[in-house]
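Notes for the structure review
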Amino acid sequence: MRGDLDLERRVAFLDLRVNDEGARQELLAAIEAVLRHGRLVLGPEVQELESRIADSCNRKHAVGVNSGTDALFLALKALQIGPGDEVITTALSWIATANAIALTGATPVFADIRDDLNIDPDSVARLITPRTKAILPVHYTGKVCQMTELMRIAEQHGLMVVEDAAQAFGASHDGRKAGSFGLVACFSMNPMKVFGACGESGMVLTDDDAVYERLVALRYGGTVNREVCIEPSINGRIDTLQAAVLLKRMKYVDDVIKRRREIASWYNEGLSGVVDTPKEADGEFDVYYTYTIRVDRRSDLIAHLQEKGIETKIQHPYLMPQQPYYRDAARGSFSNAERLVERILCIPANEKLTRADVEYVVECIRGFYN
Ligand SMILES: *Cc1c(COP(=O)(O)O)cnc(C)c1O
């Protein structure tokens, strides 16, 4: 055994503990305030959070919900998407995206991705049929999709656009924020996200008053005026406690993003020429929910890094249309995604990493390929 320090070294993919004493006290005070006023569901903090998030994305309305999954499902329901309809989405996302479509009774159609891992607008255009009702792009890894192209395609074909911005709070494209493009946009604030609560939560945004009214009803059993049910739905309300936590954390989200971008720039520099690193084109502002590299000999690299105490993740090892539920009937076209899904690897890039951590990860990856 070499007795060197590297054997002790651990680089965690994520660390959700709140260790900073100031931040911890601030959260505890916010929770205390909710316990004292007692409006535990849809309390005043929820309204404040909704208006703050709507403002930050230049939107008229925001509706707080239980999760990003609920946000997507309720968004599609609010647009009256259902059986017989097709919704075109990307092949590569967390399964919640396809599930939201399938749960409405509509059929997900899976488009290909480009090398930036985001949906390929050309592939979307080729998959449109008379049944297509909507496009559901996912701003994957925290990079906004080619929204100008996608919005043009949607407009040409009279399709609605629902953004899955779960990974992209704070990201932008040509000066426009993630969540500001589609007829409806969805966020997740689960604890893993760049802007995350201390539990499950999500948000749906829109400028359309009628869609907003429907979202508010669908969020709580499809009811209006307290007790009148206009359509069956789930209970998808957000907890006041999570909203209180998010209001506190919103103050720091720009710092978190800044730090993640700094870490990404160190990786870009250190790993250039060794693996394929994420690129940012002019006008793109990515938030690096994940820092996803594309590599050869992936499983050997994972084992090598694990031995060095470095935790990695494959997000996600299966395309959505490769999942058991979807694969037999999966519609779409996604050959580039099938190639890329074998090569993607997320390395630690959370804001708690030090420069020394990043340099260590770089050194270990370079060491593997030398
Ligand atoms: C996290 C995530 C979701 C689901 O959000 P939850 O809050 O976990 O339900 C949906 N889509 C994408 C792309 C995600 O990353």
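Residues numbered from 1 in each chain as written. Predicted model: local features only at pLDDT ≥ 70, side-chain atom pairs only at ≥ 80, totals over all residues. Heavy atoms only, no water.

1. Some points on the packing of aromatic side chains
Taken as a whole and judged by the stated rule, the model has 7 aromatic pairs. Relative to Tyr291, the ring of Tyr267 lies with its centre 4.9 Å away and its plane at 35°, an arrangement referred to as tilted. Taken together, the residues span a long stretch of sequence, with Tyr267 in helix α9 (residues 253-271) and Tyr291 in strand β13 (residues 291-294) at a distance of 24 residues. Here Tyr267 matches Tyr291 in class, with each residue buried. Consider the rings of Tyr325 and Tyr326, whose centres lie 4.8 Å apart with planes at 85°: the pair is edge-to-face. Taking the relative accessible area as the measure of exposure, Tyr325 reaches 67% and is therefore exposed. In this structure Tyr326 comes out as buried when scored by relative accessible area, which is 7%. Site record: aromatic cluster; members linked through ring pairs are Phe110, Tyr325 and Tyr326. The cationic tip of Arg237 hangs over the ring face of Tyr220; the distance from NZ or CZ to the ring centre is 3.7 Å. (Phe/Tyr/Trp six-rings, centres within 6.5 Å; stacked < 30°, edge-to-face > 60°. Helix = DSSP H or I, 4+ residues; strand = E, 2+ residues; numbered from the N terminus. Buried < 20%, exposed > 50% of the residue type's maximum accessible area, 1.4 Å probe, protein only. Lys NZ or Arg CZ within 6 Å of the ring centre and 35° of its normal.)

2. Considering the site of the ligand
Taken together, 15 residues surround the ligand, and among them Gly68, Thr69, Asp164, Ser188 and Lys193 come closest. Contact distances for the ligand include 2.8 Å between a nitrogen atom and a side-chain N or O atom of Asp164. Gln167 places a polar side-chain atom, nitrogen or oxygen, 2.8 Å from an oxygen atom of the ligand. Among the elements of the structure, α3 (68-78) and α4 (96-103) are those that each provide at least two residues to the shell around the ligand. Among the elements that take part in the shell around the ligand, α3 stands out by supplying 3 residues, more than any other. (Near = heavy atom within 4 Å. Polar contact = N/O pair within 3.5 Å; in protein donor to acceptor, adjacent residues only side chain to side chain.)

3. What to know about the sheet that holds strand β7 (residues 176-177)
Across the sheet, which stays open at both edges, the 3 strands sit in the order β7-β6-β12 with antiparallel pairing between neighbours. Edge positions in the sheet fall to β7 and β12 (284-285), since each has one partner strand and no second. Alignment of strand β6 (residues 172-173) against β12, held across 2 bridges, turns out to be antiparallel. For His173, the partnering residue across the bridge sits in β12 and is Glu284. (Pairing = 2+ DSSP bridges.)

4. Let's talk about the sheet that holds strand β4 (residues 132-136)
Pairing between sheet strands relies on hydrogen bonds along the backbone, with the strands arranged either parallel or antiparallel. An order of β1-β9-β8-β5-β4-β2-β3-β14 is seen for the 8 strands of this open sheet, with the pairing classed as mixed. The open sheet has two edge strands with one neighbour each: β1 (61-65) and β14 (331-332). Sheet topology places β4 next to strand β5 (residues 160-164); 2 bridges connect them, and they run parallel. Within β5, the position partnered with Ile135 by the bridge is Val161. In the packing of helix α6 (residues 147-157) onto the sheet, contacts are made with β4 and β5, and the angle to β5 comes to roughly 150°. (Contact = heavy atoms within 4.5 Å. Axes fitted to C-alpha atoms, helices over the stretch in contact; angles between N-to-C directions.)

5. What to know about the pairing of strand β9 (residues 202-206)
The element β9 is largely enclosed, with a buried count of 5 among its 5 residues. Of the two faces of β9, the one lined by Gly202, Val204 and Thr206 and the one lined by Met203 and Leu205 are each fully buried. Bridge count for β1 against β9 is 5 bridges, and the pairing is antiparallel. When the sheet's bridge partners are listed, Gly64 is paired in β9 with Met203. Pairing analysis gives 5 bridges linking strand β8 (residues 184-188) to β9, with the strands arranged antiparallel. Bridging across to β9, Ser188 finds its partner in Gly202.

6. Quick notes on the layout of surface pockets
Computed from the structure, the largest pocket encloses a volume of approximately 650 Å³. The wall of the largest pocket is formed by 28 residues, among which Arg17, Arg249, Val256, Glu351 and Lys352 lie closest to the centre. Secondary structure elements with two or more residues in the lining of the largest pocket: α1 (21-37), α8 (240-250) and α9. Per-element accounting of the lining of the largest pocket gives the leading share, 5 residues, to α9. Among the residues making up the lining of the largest pocket, the classes are represented as 13 nonpolar, 3 polar and 12 charged. Taken together, 21 residues make up the lining of the second largest pocket; nearest its centre are Trp94, Ala96, Ser188, Asn190 and Lys193. (1 Å grid on protein atoms, 1.4 Å probe; cavity = no way out; pocket = protein on both sides within 12 Å on 5 of 7 lines; lining within 4 Å. Points joined across faces, edges and corners; volume = space filled by probe spheres on them. Nonpolar A, V, L, I, M, F, W, Y, C, P; charged D, E, K, R; others polar.)

7. A look at empty space enclosed by the protein
Taken as a whole and judged by the stated rule, the model has 2 cavities of 30 Å³ or more. In this structure, the largest cavity spans a volume of roughly 110 Å³. If you trace the largest cavity, you find 13 residues lining it, with Phe13, Leu14, Arg260, Tyr289 and Thr290 closest to the centre. Forming the walls of the second largest cavity are Ala165, Ala166, Gln167, Ala168, Phe169, Phe187, Ser188, Met189, Lys193, Val194, Phe195 and Tyr289. A breakdown of the residues in the lining of the second largest cavity according to their chemical character gives 9 nonpolar, 2 polar and 1 charged.

8. Some words on the side chain of Thr89
Within the secondary structure layout, Thr89 lies in strand β2 (residues 86-90). Apart from residues lying up to four places away in sequence, Thr89 is in contact with Thr97, Ile101, Val109, Phe110, Ala111, Ile119, Leu136, Val138 and Met320.

9. Some details on the pattern of salt bridges
One pass over the full model with this rule turns up 26 salt bridges. Measuring nitrogen to oxygen at the nearest pair gives 3.5 Å for the salt bridge that ties Asp15 to Lys352. Residue Asp15 is located in the segment before α1, and its partner Lys352 is located in the loop between β15 (344-347) and α13 (355-369); the two are separated by 337 residues in the primary sequence. Among the residues examined, Asp15 registers a relative accessible area of 22% and is labelled partly exposed. Salt bridges sharing common partners tie together Arg114, Asp120, Asp122 and Glu149. (Salt bridge = Lys/Arg side-chain N within 4 Å of Asp/Glu carboxyl O.)

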